[in-house]
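# Commentary on secondary and tertiary structure
The chain contents come next:
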Amino acid sequence: GGVKVLITGPWSEPSGRYSCVFDQSSVPASLIQPGVLRCYCPAHQAGLVCLQVLESGGSVSSSVLFEYRARNASSLPSSQLDWLSLDGQSQFFSPLSFS
């Protein structure tokens, strides 16, 4: 948990209250520029979860699969310990993108 996640999509409301829901865990998200949200994922075991973006409590995206991957500190530089990805069309992407 605590890894920064960037999500691209159609969001552009600067005064919007965005959040990202990883399965049942909701975390705040910030619009860092039109079309790009930033959030920090909550702790979770490795595996697939549903990810959805909300604005002011209402859904603004469909659910997509998001993968938590186990850390392997011995083989990766410290800047690459956490990789999170999204399964949009049976392919993994980073940063995350909604369309």
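These numbers come from a predicted model, not from an experiment. (Residues numbered from 1 in each chain as written. Predicted model: local features only at pLDDT ≥ 70, side-chain atom pairs only at ≥ 80, totals over all residues. Heavy atoms only, no water.)

## Here we look at the overall build of the protein chain
Helices and strands together make up the secondary structure of the protein chain, namely zero helices and ten strands. Listed N to C, the secondary structure of the protein chain is β-β-β-β-β-β-β-β-β-β in terms of helices and strands. A buried classification covers 32% of the 99 residues belonging to the protein chain. Considering only contacts in the protein chain between residues 6 or more positions apart, those separated by 24 or more positions represent 48%. When the accessible surface of the protein chain is totalled, it reaches about 5,900 Å², and 49% of it is carbon and sulfur. (Helix = DSSP H or I, 4+ residues; strand = E, 2+ residues; numbered from the N terminus. Buried < 20%, exposed > 50% of the residue type's maximum accessible area, 1.4 Å probe, protein only. Contact = heavy atoms within 4.5 Å. Areas by Shrake-Rupley, 256 points an atom, 1.4 Å probe, with all protein chains shown as cover.)

## Describing the side chain of Ser61
Mapped onto the secondary structure, Ser61 falls in the loop between strand E6 (58-59) and strand E7 (64-68). Within the local environment of Ser61, its side chain forms a polar contact with the backbone nitrogen of Val53, the two atoms lying 2.8 Å apart. (Polar contact = N/O pair within 3.5 Å; in protein donor to acceptor, adjacent residues only side chain to side chain.)

## Quick word on the nonpolar core
The biggest cluster of nonpolar side chains holds 18 residues, and the ones touching the most others in it are Ile7, Cys20, Phe22, Cys39, Leu51, Val53 and Phe66. Counting only elements with at least two residues in this core, the list comes to strand E1 (4-8), strand E2 (18-22), strand E3 (25-33), strand E4 (36-40), strand E5 (47-55) and E7. (Core = buried A, V, L, I, M, F, W, Y, C linked by side-chain atoms within 4.5 Å.)

## Topic: the confidence of the model for the protein chain
Per-residue pLDDT for the protein chain averages 78, and the proportion of residues at 70 or more is 72%. Confidence drops under a pLDDT of 50 for residues 75-95, and excluding neighbours within four residues, the segment shows 39 contacts in the predicted structure. (pLDDT = per-residue confidence, 0-100.)

## Concerning the packing of aromatic side chains
Summed over the entire model, instances satisfying the criterion amount to three aromatic pairs. A centroid spacing of 5.4 Å and a plane angle of 80° characterise the contact between Phe66 and Tyr68, whose relative ring orientation is edge-to-face. Since its relative accessible area comes to 0%, Phe66 is described here as buried. Cluster of aromatic residues (ring-pair linked, three or more members): Phe22, Phe66 and Tyr68. (Phe/Tyr/Trp six-rings, centres within 6.5 Å; stacked < 30°, edge-to-face > 60°.)

## Comments concerning the pairing of E4
Taken together, the five bridges between E1 and E4 define a ladder with antiparallel strand orientation. Bridge pairing in E4 links Thr8 to Val36. Judged from the four bridges that link them, E3 and E4 form a sheet pairing that is antiparallel. For Ser30, the partnering residue across the bridge sits in E4 and is Arg38. The antiparallel hairpin formed by E3 and E4 contains two residues in its connecting segment, where Gly35 sits at a positive phi of about 90°. (Pairing = 2+ DSSP bridges.)

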